[in-house]
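One letter stands for each residue in the lines below.
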Amino acid sequence: MTVEPENFPAGALNASRRGRELVELASRTEPLDVLVIGGGITGVGVALDAASRGLSVALVEAQDLAFGTSRWSSKLVHGGLRYLASGNVGIAHESAVERHRIMTDIAPHLVRPMTQVLPVFDDSPVLGRIVTRAGMFAGDLLRHNAKTPSELLPRSRKASGEEAAELVPGVRRKGLRSAVLAADGQLVDDARLVVAVARTAAAHGAVILTYTRATEVTGDGATLTDVRTGRRFAVAARSVINAAGVWAGEVDRSITLRPSRGTHLVVSAQALGNPTGALTVPMAGSISRFVFALPQQLGRVFIGLTDEDAPGPIPDEPRPTEAEIDMLLETINRALARPLDRSDILGVFSGLRPLVDEVGAGVEMSTSDLSRKHLVAYTGGMITVVGGKLTTYRQMAEQAVDVALTRSGVPAGPCITATLPLIGASGAAADSALPPSMIARFGGEAEHVLAVATTDRPAASIAPGIDVTRAEIEFAITHEGACTVSDVVDRRTRIGLVRGDADRSAGAVAEILDGAAETSA
């Protein structure tokens, strides 16, 4: 199926479509080929893979798209360097290949090169410098072997202290000898990637249902509940794929997860001199773990990231400990001219990594190397795919669908997602008069966002000082499946990462949401 970049009616997700497809699914008499549980990056990747092979697919998510871990990442598309450090050469290569695919074919509009700046001070450990340089060289080999051109991701190199300070003006100049520069991929936003994959899946025929909870899940189907109305109905499927992330163990009790919490701080970019590079600082006593200060959209910098065991019940929104916040501040401050303190923190967020702890007896595993934190398992007719990382979502989805097809025997076309562009991947005009921020968030759809707007003052900011237009808010509701103010503020735009910004925007967002609801009624 060809998706035209000028108009995306088949890929538009909204409340009206959701209601219609719920009714159609409830009255369906034939089993679905694939039922996907979970609307994070892995789940939407599975839905796209299956739908683009010509299968009948429905994805159900108890909350909103990207509600869990998929919105709490560092917004990076990694090349697999950390796997190489632990000796997993094959896995590192796979990560670099998937990064290449995302940056060149799948979502070039949502990801761009980011320069990592690792400053070298007079008191920097010699061993750390050697290991870092060797690691950067290894990263160059990964990029080369993945066939990613240096014009897209430049080779690592040594730079002067002056150049480092140009990239990160807030870096400490005293004792700054030089720096090592390297490049990686940076997403404009992880939640936007999830939404783009979901909409592309919908354009290929997948049913995408948010606020739809799956219970009584078996390998043959599930009971679905419309969270917004309470209506319940059963749905049958030839294959059920559990992609519920950190909640996967609640769907498939034979899988035990050991979540790990990663925390970020949100500060104003002005606090670091409006950097264009990502300041990279080794953690105390380590030569392989770092804290990053990552420039982001909306004039923010994210400082992260921690790696803490997080046992116990899974919260909807994980919260950091005071010790994590202190560690991040202490580490990044070692490289800053003006140390940051608690008053500089505008917001914090934490995500839980769904690390696989163990699997039950009798579970058949297609991917069984738990050291890579990635599992595809077949248990009692259900397929569970969990772990991995955002960069390799497409490969995980392909493996899960392959297992489903092998088990069900349903005929299907080949996997095409390695080169399948997402909605918005083409058509962006380099000389467009639109704000660069809109092009970064929407790519080839940017002009369409304004063209279909019906709200008053569509090009105006949703609130003073916030680089998100009223047209983008309406588009989130009419095309991107947002059903609530929180969907818009916390996941479609990320305004909610700073609570004060969310409070200033909420009223206008609610007004546009109400207007869109009246129009579609």
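Predicted model, so just to flag it, every value in this text is computed and none were measured.

A. Just empty space enclosed by the protein, in detail. Tallied over the full model, the rule gives six cavities of 30 Å³ or more. The calculated volume of the largest cavity comes to roughly 100 Å³. Taken together, 14 residues line the largest cavity, and the ones lying closest to its centre are Q297, L298, R300, R494 and L497. Considering only residue class, the lining of the largest cavity consists of seven nonpolar, two polar and five charged.

B. Spatial organisation of a nonpolar patch on the surface. Taken together, the side chains of L127, V131 and I287 define a hydrophobic patch exposed on the protein surface, amounting to about 230 Å² of accessible area. By the secondary structure assignment, I287 is in the loop between strand 14 (278-282) and strand 15 (290-296). Relative accessible area serves as the criterion here: at 37%, I287 is assigned to the partly exposed category.

C. Layout of the packing of helix 4 (residues 89-106) against helix 10 (residues 393-408). As a packed pair, helix 4 and helix 10 sit with axes 9 Å apart at the nearest point and diverge in direction by 105°. By the criterion of interaxial angle, the relationship of helix 4 to helix 10 is roughly perpendicular. Residues E94, E98, R101, I102 and I106 of helix 4 form the contact with helix 10, whose participating residues are Y393, R394 and Q395.

D. Up close: the packing of aromatic side chains. For the coordinates displayed, the defined rule picks out four aromatic pairs. With a centroid separation of 5.6 Å and an interplanar angle of 25°, the aromatic rings of W72 and F349 are classed as stacked. Pair noted here: W72 is in the loop between strand 2 (57-60) and strand 3 (76-77) and F349 is in strand 18 (residues 345-353), with a separation of 277 residues, a long-range link. Here the two residues W72 and F349 agree in accessibility, since each one is buried. Pairwise contacts between aromatic rings join W72, F302 and F349 into one cluster. Geometry around F121 places R172 over its ring, the cationic atom sitting 3.9 Å from the centre. Across from the ring centre of F442, 4.4 Å away, lies the NZ or CZ of R192, which sits over that ring.

E. Region of the structure containing the sheet that holds strand 10 (residues 232-236). Strand order across the open sheet formed by three strands is 8-9-10, with antiparallel pairing between neighbours. The outermost strands of the open sheet, each flanked by one partner alone, are strand 8 (212-218) and strand 10. Pairs of neighbouring strands in the sheet enclose a mean axial angle of 25°, with direction left out of account. Bridging between strand 8 and strand 9 (residues 221-226) involves five bridges; their strand directions are antiparallel. Considered in strand 9, the bridge of T215 is made with T223.

F. Inspection of the pattern of salt bridges at higher detail. For the structure shown, the criterion picks out 34 salt bridges. In this structure, R238 and E30 form a salt bridge, with 3.6 Å as the shortest nitrogen-oxygen distance. Here R238, found in the loop between strand 10 and strand 11 (240-242), pairs with E30, found in the loop between helix 1 (15-26) and strand 1 (34-37); they are 208 residues apart in sequence, far enough to count as distant. The partner of D64 in a salt bridge is R492, and the shortest N-O contact between them spans 2.8 Å. With D64 in the loop between strand 2 and strand 3 and R492 in helix 14 (residues 485-492), this pair connects stretches of sequence that are 428 residues apart.

Analysis parameters
- Residues numbered from 1 in each chain as written.
- Predicted model: local features only at pLDDT ≥ 70, side-chain atom pairs only at ≥ 80, totals over all residues.
- Heavy atoms only, no water.
- 1 Å grid on protein atoms, 1.4 Å probe; cavity = no way out; pocket = protein on both sides within 12 Å on 5 of 7 lines; lining within 4 Å.
- Points joined across faces, edges and corners; volume = space filled by probe spheres on them.
- Nonpolar A, V, L, I, M, F, W, Y, C, P; charged D, E, K, R; others polar.
- Patch = residues over 30% accessible without salt bridge, like charges linked within 9 Å, V, L, I, M, F, W, Y side chains within 5 Å.
- Areas by Shrake-Rupley, 256 points an atom, 1.4 Å probe, with all protein chains shown as cover.
- Salt bridge = Lys/Arg side-chain N within 4 Å of Asp/Glu carboxyl O.
- Helix = DSSP H or I, 4+ residues; strand = E, 2+ residues; numbered from the N terminus.
- Buried < 20%, exposed > 50% of the residue type's maximum accessible area, 1.4 Å probe, protein only.
- Axes fitted to C-alpha atoms, helices over the stretch in contact; angles between N-to-C directions.
- Parallel < 35°, antiparallel > 145°, perpendicular 65-115°, else oblique.
- Contact = heavy atoms within 4.5 Å.
- Phe/Tyr/Trp six-rings, centres within 6.5 Å; stacked < 30°, edge-to-face > 60°.
- Lys NZ or Arg CZ within 6 Å of the ring centre and 35° of its normal.
- Pairing = 2+ DSSP bridges.

Geometric values such as these leave the question of function open.
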